[in-house]
Amino acid sequence: MEWVITAISEDRAGIVEEIAGIITKHDGNWVKSSMSRLSGQFAGMVQFTSSQSTNVSALKTELEGLTQKGIIINLVETSEQLKPKGQKAQIELTGIDHKGIVAEITHLLAEKQVTIEELETDIFTASMAGEAMFTAKAEIRLPEGLTFIELREATEAIAEDIMVEINLQMDKAD
């Protein structure tokens with residue numbers, strides 16, 4: 001059986017250890033995770049597997065018990081993992097920070113049926129001018145039927161409108 005947990009909490013030491021302990025106690029094997037702290041909040045996702053003999057009810061009950069410690073947990077059983085279809089690519093953009101950058105670029109990607117597999121954004125201070133700069137990096141997957149050239153043309157067309165530089169690269173390892 002394969003599972004995904006999402007966890008949200010006010011950040012503190014020991015959150016990951018508590019989740020890992022429950023997974024291990026219920027015959028689970030930690031496979032993959034992504035976790036982050038932002039503005040004092042913790043958010044994480046964990047993929048793990050368990051044997052068919054795992055007592056799912058006891059697992060769910062113990063994970064739900066973490067809410068008493070301030071950790072909101074969502075547990076979902078996933079289906080057999082299928083290899084995603086379509087070409088993988090990376091998109092990076094940088095520009096002077098302003099409202100709407102993420103909304104505009106994700107709208108374009110959604111219109112083109114592009115899946116965002118990972119997204120990281122940040123604001124930093126430009127070294128010379130001291131202006132707030134926005135940067136985003138994403139791992140994306142193009143749907144079958146959309147060519148890299150078509151997506152590049154669409155991102156180039158929007159870059160000037162939202163005042164950012166966009167760099168799109170195909171993933172050669174996919």
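Along every chain, residues carry numbers that run from 1 in the direction the sequence is written. Reporting in this predicted model follows two pLDDT cut-offs: at least 70 for local features of residues, and 80 or more for side-chain atom pairs to be given and counted; totals over whole chains, interfaces and linings ignore these cut-offs and use all residues. Here the side-chain values reflect all heavy atoms present in the structure, with hydrogen atoms and water set aside.

Focus: helix α1 (residues 15–25)
Categorising residues by exposure relies on relative accessible area from a 1.4 Å probe, with only protein chains included: less than 20% of the type maximum marks a residue as buried, more than 50% marks it as exposed, and the intermediate range marks it as partly exposed. In DSSP terms, a helix is any run of H or I states spanning at least four residues, a strand is any run of E spanning at least two, and both are numbered starting from the N terminus. Three or more residues of α1 are buried, namely Ile15, Glu18, Ile19, Ile22 and Ile23. Summarising the axial view, the buried residues of α1 lie within an arc of 130 degrees, below the 170-degree limit, and thus occupy one face. Opposite the packed face of α1, turned more than 90 degrees from it, sit the exposed residues Glu17, Thr24 and Lys25. Throughout, a contact is declared for two residues whenever any of their heavy atoms are within 4.5 Å. Elements in contact with the buried residues of α1: β1 (2–10), β2 (28–38), β3 (41–50), α2 (56–64) and β4 (72–78). Taken from the helix axis, the directions to the C-beta atoms give the arc we talk about.

Quick look at the packing of helix α3 (residues 101–111) against helix α4 (residues 148–162)
Their axes nearest at 11 Å, the elements α3 and α4 cross at an angle of 155 degrees. Considering the angle they form, α3 stands roughly antiparallel to α4. The two elements α3 and α4 cross, and the hand of that crossing is right-handed. In this structure, α3 uses Ile101, Glu104, Ile105, Leu108 and Leu109 to contact α4, whose residues at the interface are Leu151, Ala154, Thr155, Ile158 and Ile162. Three categories are distinguished: nonpolar for Ala, Val, Leu, Ile, Met, Phe, Trp, Tyr, Cys and Pro, charged for Asp, Glu, Lys and Arg, and polar for the others, with Gly belonging to the last. The class makeup of the residues in the contact of α3 with α4 is 8 nonpolar, 1 polar and 1 charged. Axes, fitted as lines to C-alpha atoms, cover a helix only where it is in contact. Angles between the N-to-C directions of the axes lie from 0 to 180 degrees. Should an angle fall under 35 degrees it is called roughly parallel, over 145 degrees roughly antiparallel, and 65 to 115 degrees roughly perpendicular, with every other angle called oblique. Handedness of a crossing is defined here by the sense of rotation of the near helix relative to the far one, left-handed for an anticlockwise turn of less than a right angle and right-handed for a clockwise turn.

Describing the pairing of β3
By definition, two strands form a pair when at least two bridges between them are found by DSSP. Two strands pair when backbone bridges link them, and β1 and β3 are joined in this way by 9 bridges, in the antiparallel orientation. Looking at β3, one finds that threonine 6 is bridged to methionine 45. Note that β2 and β3 share 10 bridges and pair antiparallel. Across the sheet, residue serine 34 finds its bridge partner in β3, namely methionine 45. A loop of 2 residues connects β2 with β3, the two strands running antiparallel in sequence, and serine 39 in this loop sits at a positive phi of about 50 degrees.

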